[in-house]
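# Structure at a glance
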Amino acid sequence: MNLKDLVRPNIYALAPYSSARDEYQGHDAAVFLDANESPYNKPYNRYPDPLQREVKEKISQVKGVPPENIFLGNGSDEAIDLIFRVFCEPGLDNVVAIEPSYGMYAVCADINNVEYRRVKLHNDFSFSAEDIMQIANKRTKVVFLCSPNNPTGNLMDRKEILKLLDLFQGIVVVDEAYGDFANGKSWRFDVNTFPQLVVLNTFSKAWSSAAVRLGMAFADKEVIHYFNKVKYPYNVNQLTQEYALDLLKHSYDVEKWVKLILGERPKMISAFAMLPYCEKVYPTDANFFLAKVSNAQKIYDYLIRKGVVVRNRSKVTLCENCLRITIGTPQENTALLSALRQFEE
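Each residue is numbered by its place in its chain's sequence as written, counting from 1. Totals for whole chains, interfaces and linings use all residues, but because this is a predicted model, local features are given only for residues with pLDDT of at least 70 and pairs of side-chain atoms are given and counted only at 80 or more. As a rule here, side-chain values come from all non-hydrogen atoms in the structure, and water together with hydrogens is ignored.

With an unreviewed UniProt entry as reference, the protein is termed Histidinol-phosphate aminotransferase, source organism Pseudoprevotella muciniphila. In UniProt, the protein has this text filed under Cofactor (unreviewed entry): "pyridoxal 5'-phosphate". UniProt annotates the protein under Catalytic activity (unreviewed entry) with the comment "L-histidinol phosphate + 2-oxoglutarate = 3-(imidazol-4-yl)-2-oxopropyl phosphate + L-glutamate". UniProt positions are given in the numbering used here, feature names are shortened, and annotations may be inferred rather than shown by experiment.

What follows is the structure, encoded as structure tokens:
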């Protein structure tokens, strides 16, 4: 498979915007009069590195992926949108995604005028490569797989993903936003084996930095090249880059936070399963779990009155009367369970 054949012709031919900081990349200059910046209020008077080189070097050390295989964006949503803009011709192409899954894939498809095809998961929330291939056609450019999946929480079967990579002649996106909470091997280590593979990750979940809006995409360097052609010149601001560099120096804190959450997860699942109105708690590989209850809307409304917010997923395919519960601190988890134990149907 030739990646060039998947890229929209206008994007392949695109001459990207060349910023002053693209044209000058040295570090020994003392006077900068090239970018029409103000000379005052240092250091924030200067444009940030458009390719976030220093941040990528640190991420490379932590994630074990070469810098040239890393794209950084304003949240993972920027990378998702770029996938559509690089590979999908509006009004002609389509993408395929598992259902239920992260809602932003469908939103980006609508924004970019790309047909969005859904493949319903099996009752155990698994998928098969054959199901996806049956709905894909010659205009299918991308398949989206969220693993661990949102809102179901489960990892997708590695053998089925390998089969899909073998069968499908397009881009396969594995969204690992919750991957740091799972035991499975990350797909980011396979991007040089499978040039059509794009793996998403984020600072929002395990890295406890949702407010910072920093997302990661790992892919073949040719895919990264196209992302960089299309992205806005300074898509990650200087404050975010400085924050990320500092946090990356303390990755042991992230490991501690993940360990605390994983320690609370089985306790929460066990306690929730014992509630009289809980019908089922589904297996999870994420920092949340999905639970089927007798009346999700009634319980949700009750918890709101108690000052506790969970997510009612009842309107989502296969999730009727299901609540999605995020694992919080021990104190937050106790507050939730205390309120639920007082609930009367």
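## Brief notes about the sheet that holds strand β11 (residues 322-326)
Pairing between the strands of a sheet comes from backbone hydrogen bonds, and it takes one of two forms, parallel or antiparallel. Each pair of strands is called paired provided DSSP finds at least two bridges between the two strands. In this description a helix means any DSSP run of H or I spanning at least four residues, a strand means any run of E spanning at least two, and both kinds are numbered starting from the N terminus. The sheet built from 4 strands is open, its strands ordered β8-β9-β11-β10 with antiparallel pairing. Either end of the sheet is taken by a strand with one partner, and the two such strands are β8 (278-281) and β10 (311-312). The pairing of β8 with strand β9 (residues 288-293) spans 3 bridges and is antiparallel. Following the sheet pairing, Val281 is matched in β9 by Ala291.

## Brief notes about the UniProt feature "modified residue: N6-(pyridoxal phosphate)lysine" (unreviewed entry) in the protein
Within the UniProt annotation, "modified residue: N6-(pyridoxal phosphate)lysine" (unreviewed entry) is assigned to Lys205. One can find Lys205 in the loop between β6 (197-202) and β7 (215-219). Any residue under 20% of the maximum accessible area for its type is buried, any over 50% is exposed, and the rest in between are partly exposed; the area is computed with a 1.4 Å probe on protein chains only. Residue Lys205 is classed as partly exposed on the basis of its relative accessible area, which comes to 31%. Residue contacts are counted whenever heavy atoms from the two residues lie within 4.5 Å of one another. When sequence neighbours within four positions are dropped, the list of residues in contact with Lys205 reads Ala177, Tyr178 and Phe181.

## Regarding the pattern of salt bridges
We define a salt bridge as a contact between a side-chain nitrogen of Lys or Arg and a carboxyl oxygen of Asp or Glu at a distance within 4 Å. Tallied over the entire structure, the rule returns 15 salt bridges. Salt-bridge contacts for Arg53 lead to Asp49; the nearest nitrogen and oxygen are separated by 2.5 Å. Overall, Arg53 belongs to the partly exposed group, its relative accessible area being 30%. In this structure, the salt-bridge partner of Lys163 is Glu130, at a minimum N-O distance of 3.2 Å. With Lys163 in helix α7 (residues 158-167) and Glu130 in helix α6 (residues 129-135), this pair connects stretches of sequence that are 33 residues apart. For Lys163, a relative accessible area of 32% corresponds to the partly exposed category. On the basis of relative accessibility, which here comes to 37%, the residue Glu130 falls in the partly exposed class. One continuous salt-bridge network, built from bridges that share partners, spans Asp93, Arg139 and Lys141.

## Observations regarding α7
Listed in full, the buried residues belonging to α7 are Glu160, Ile161, Leu164 and Leu165. In an axial view of α7, the angular spread of the buried residues amounts to 140°, which keeps them on one side of the axis. Every exposed residue of α7 that faces more than 90 degrees away from the buried side is listed here: Lys159 and Asp166. Those residues of α7 that are buried lie in contact with α6, β4 (140-146), β5 (171-175) and β6. Between the side-chain oxygen at the start of α7 and the backbone nitrogen of Lys159 there is a gap of 2.7 Å, and the oxygen is on Asp157. As used here, the arc is the angular range of directions from the helix axis to the C-beta atoms. The term polar contact refers here to a pair of N or O atoms within 3.5 Å; inside protein, the definition further demands a hydrogen-donor-capable atom paired with an acceptor-capable atom, and it admits residues adjacent in sequence only when both atoms are side-chain atoms.

## Considerations on the nonpolar core
The nonpolar side chains of a soluble globular protein tend to be buried with one another. In this structure, Ile59, Leu145, Phe272 and Leu303 are the most contacted members of the largest nonpolar core, which totals 77 residues. Ranked by residues supplied to this core, first place goes to helix α10 (residues 251-273) with 6 residues. Residues belong to a common nonpolar core when they are buried Ala, Val, Leu, Ile, Met, Phe, Trp, Tyr or Cys residues joined through side-chain atoms within 4.5 Å. In terms of nonpolar packing, the next biggest core, distinct from the first, is built from 35 residues, Phe87, Cys88, Val95 and Cys146 among them.

## Topic: helix α3 (residues 53-63)
Taken residue by residue, α3 has Val55, Lys56, Ile59, Ser60 and Lys63 as its buried positions. Take α3 and look down its axis: the buried residues cluster within an arc of 140°, on one side only. More than 90 degrees from the buried face of α3, the exposed residues found are Glu54 and Gln61. Elements in contact with the buried residues of α3: β1 (70-73), β6, β7 and α9 (238-248). Gly64 occupies a position one or two residues after α3 and carries a positive phi of about 70°.

## Looking at the side chain of Asn45
Tracing the backbone through its elements, the reader meets Asn45 in the loop between α2 (20-23) and α3. Taking the relative accessible area as the measure of exposure, Asn45 reaches 11% and is therefore buried. From its side chain, Asn45 meets the backbone oxygen of Ser38 in a polar contact 2.7 Å long. In contact with Asn45, other than residues within four places in its own chain, are Glu37, Ser38, Pro39 and Tyr40.

## A closer look at the pairing of β4
The side chains of a regular strand alternate, residue by residue, between the two faces of the sheet. Of all 7 residues making up β4, 7 are buried, and the element is well covered by its neighbours. Inspection of the sheet shows strand β2 (residues 94-99) paired to β4 by 4 bridges, in the parallel sense. Counted as the bridge partner of Val95 is Val142 from β4. Two elements, β4 and β5, share 5 bridges in a ladder whose sense is parallel. The partner of Leu145 across the bridge, within β5, is Val174. Crossovers are described as right-handed under a simple rule: with the strands pointing away from the observer, the path leading from the first strand over the helix to the second runs clockwise. In terms of handedness, the path from β4 via α7 over to β5 forms a crossover that is right-handed.

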